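Topology and contacts: notes
Take a look at the letters that make up each chain.
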Amino acid sequence: MKLFNRYLFKTKFLLLLLVVTLTLVGCQVTPSNSGFTKITLWQGVNPPPNRDVLQTLVDRFNREHSDIQVESLYVGQAEQQLPKILAAVVGNAPPDLLWFNATLTGQLVELDAIRPLDDLLQTSPVKDEIDPSLFATMEYQGHTWSVPFGVNNVGVFYRPSLFEAAGITELPQTWEELRQVARQLTIDKDGDKRFDQHGMFLPLGKGEFSVFLWLPFLWSGGGELASNNPQQPADVNIADDKGAIASLQLWRDLVDDGSVVLSLPERGFEIDAFLAGKVAMQLTGPWTLGQFQTTGIDFGVFPIPQGDRQATAIGGENLFVFKSTPERERAALKFAEYVVSEGFQTDWAIGTGYLPVNMKARESQKYQDFIKKQPAVEVFLAQAKYGRSRPIFPGYSRLSENLGRALEAVLLGKNTPTEALQAAQQRLDLIFRNSD
């Protein structure tokens, strides 16, 4: 029966891949005879105003390079993109360029889908301009497989007016202070014995976005994902990790206190409740700065409160170049070099709130003037030195999925943190340690 079920699952999966691949093949750009090379970029840039910024910068590249034309295609958020990417690779119809977080690196290398970028960086002056801390997201098994597109980290956005109305004059710096402040900000304003305002908004769901927002607390609590080698999935050991247990317990305590509104499943990025003043604090990153600015609401940012140490999660996306033809690869490499350049990074950062990956852009007068107008950026820049990157080994998506399942089980009260993590580790051991 197990063999039959496995066969049935594989059959259904292959059929799904075939359907998606055929759909994607229909979207691929046919070779051009117009004197230029046309290449495609798949991206999941969000929120939509950031997509407009990207399109403006792509249009600029196309104007400046008459021999290359880049078509930027929005293909959904990470959970939506992944099956499309894998289907396209299996169907031999991938895009030329992919905007995605670096955690996909190992899987794409294992599939022999992307080309290393060592040659690009060896001959390009932009190599010395990239933030050195980002090379951990680019390098795997002795080669460089991507270049950083934009970088960010996780902080806590808050509504100063709500803090003032609740009599809060000091921003929380520790986990216990965060919990106390969240309780103070949970208020029944009209006396109907129901809270009209909650202290904090937390993401619910098993997806990568929820895990990404929780990881700063794991690291802040002294936890680690991999005990020895962060590029070896067999070294993942979370069952008895004190930081993982403590951080899950903190989030559960916030729920038990009644201080939290949980998002709809896999909708932890939505900010409507924050904008409406129904929650006073929300975990998110600088990618939402542009959106907040357009609303005119009051907002501020403070670093992730500290458990055993200060920490945050380094986020953002990298740019991958898929194997294709020499002509298309050369065009894709030219665009990759443009993305890392000072000019692109300055305008991308100012337009979206992402932090520049190019150090010259970060130090430019244009960007420094932007920081003066938007001081929240300084919080993310200062916090970046405490940032940690997620692993990029093959199978990271399986790790993330199981961490997400543990997080969801704890938030919904189905398991204690220890029970949820032990169950997750048992599943991961079957995947990573018994794969042979």
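Residues numbered from 1 in each chain as written. Predicted model: local features only at pLDDT ≥ 70, side-chain atom pairs only at ≥ 80, totals over all residues. Heavy atoms only, no water.

Re the pattern of salt bridges
Inclusion rule: The working definition used for a salt bridge is a side-chain nitrogen of Lys or Arg within 4 Å of a carboxyl oxygen of Asp or Glu. When a residue's accessible area, from a 1.4 Å probe over protein chains only, is under 20% of the maximum for its type it is buried; when over 50% it is exposed; and in between it is partly exposed. The way it works is that DSSP assigns letters per residue, a run of H or I at least four long becomes a helix, a run of E at least two long becomes a strand, and they are numbered from the N terminus.
A full pass over the atoms with the stated rule returns 22 salt bridges. The salt bridge involving D192 is made with R194; its shortest N-O contact spans 3.6 Å. R194 gets classed as exposed once you look at its relative accessible area, which sits at 60%. Here E408 ties to K206 by a salt bridge, and the two come within 3.3 Å at their closest N and O atoms. Of this pair, E408 sits in helix α17 (residues 396–411) while K206 sits in the loop between β8 (198–202) and α8 (208–220), and the two are 202 residues apart along the sequence. A relative accessible area of 17% places E408 in the buried class.

Side note on the environment of A349
Inspection of the secondary structure puts A349 in helix α13 (residues 342–352). Taking the C-alpha atoms as reference points, A349 and A280, 69 residues apart in sequence, are found 26 Å from one another.

Points about unusual backbone geometry
Backbone geometry follows two general trends: most residues other than glycine have a negative phi, and most peptide bonds adopt the trans configuration. Omega for the bond connecting N46 with P47 falls within 30 degrees of zero, at 0°, which places this linkage in the cis form. Relative to the elements of secondary structure, P47 occurs in the loop between β1 (37–43) and α2 (48–64). The backbone of D112 shows a phi angle near 55°, a positive value even though the residue is not glycine. Among the secondary structure elements, D112 is positioned in the loop between α4 (105–110) and α5 (118–123).

Here's the deal with the nonpolar core
What counts, and what does not: What is meant by a nonpolar core is a set of buried Ala, Val, Leu, Ile, Met, Phe, Trp, Tyr and Cys residues, joined one to another through side-chain atoms within 4.5 Å.
W214, M281, L283 and F335 are the most contacted members of the largest nonpolar core, which has 86 residues in total. Formed by 23 residues, the second largest nonpolar core is a distinct cluster that contains F274, I314, A376 and V379.

A look at the confidence of the model for the protein
Put simply, the test is: Note on scores: pLDDT gives the predictor's confidence for each residue, bounded by 0 and 100. In this description, contact between two residues means that some pair of their heavy atoms is separated by no more than 4.5 Å.
Across the protein, the average pLDDT comes to 90, with 91% of residues at or above 70. Below pLDDT 50 for its whole length, residues 1–32 participates in 22 contacts with residues either more than four positions away or in separate chains.

Digging into the side chain of T284
Looking at where T284 falls in the secondary structure, it is placed in strand β10 (residues 279–284). In this structure T284 comes out as buried when scored by relative accessible area, which is 4%. When neighbours within four sequence positions are excluded, T284 is seen to be in contact with N153, V154, G155, F157, L213, F292 and F380.

Overview of the sheet that holds β10
Note the threshold: Following DSSP output, two strands are said to pair if at least two bridges run between them. Between N-to-C directions, angles span 0 to 180 degrees; the directions come from axes that are lines fitted to C-alpha atoms, helices contributing only their stretch in contact.
The strand order β9-β8-β10-β7-β11 describes an open sheet built from five strands, whose pairing is mixed. Here the strands that pair on one side only, and so sit at the sheet edges, are β9 (260–262) and β11 (300–302). This sheet shows a mean twist of 30° between the axes of neighbouring strands, independent of strand direction. Pairing analysis gives three bridges linking strand β7 (residues 155–158) to β11, with the strands arranged antiparallel.

Section: the pairing of β8
The element β8 is largely enclosed, with a buried count of five among its five residues. Sheet topology note: the β8/β10 ladder contains three bridges and is parallel. Directly across from M200, in β10, lies its bridge partner M281. The sheet contact formed by β8 and β9 spans three bridges and is parallel. Bridge assignment links L202 to a residue of β9, and that residue is L262.

With respect to the packing of aromatic side chains
Rules: Stacked, tilted and edge-to-face are the three classes assigned to paired rings of Phe, Tyr and Trp, where Trp is represented by its six-membered ring and a pair needs centres within 6.5 Å; plane angles under 30 degrees give stacked, over 60 edge-to-face, the rest tilted.
Under the counting rule described, the total for this entry stands at 22 aromatic pairs. One aromatic cluster is present, formed by F61, F149, F335, Y338, F344, W348 and Y354 through successive ring pairs.

A few points about the packing of α2 against α13
The line we're drawing: We call two directions roughly parallel when the angle between them is under 35 degrees, roughly antiparallel when it is over 145, roughly perpendicular when it lies between 65 and 115, and oblique otherwise. Take the far helix as the reference: if the near one is turned anticlockwise from it by less than a right angle, the crossing is left-handed, and if turned clockwise, right-handed.
Axis separation between α2 and α13 bottoms out at 9 Å; the angle between their running directions is 160°. By the criterion of interaxial angle, the relationship of α2 to α13 is roughly antiparallel. Note that α2 runs across α13; the crossing there is right-handed. Listed contacts from α13 to N50, V53, L54, L57 and R60 of α2 are G343, F344, D347, W348, G351 and T352.

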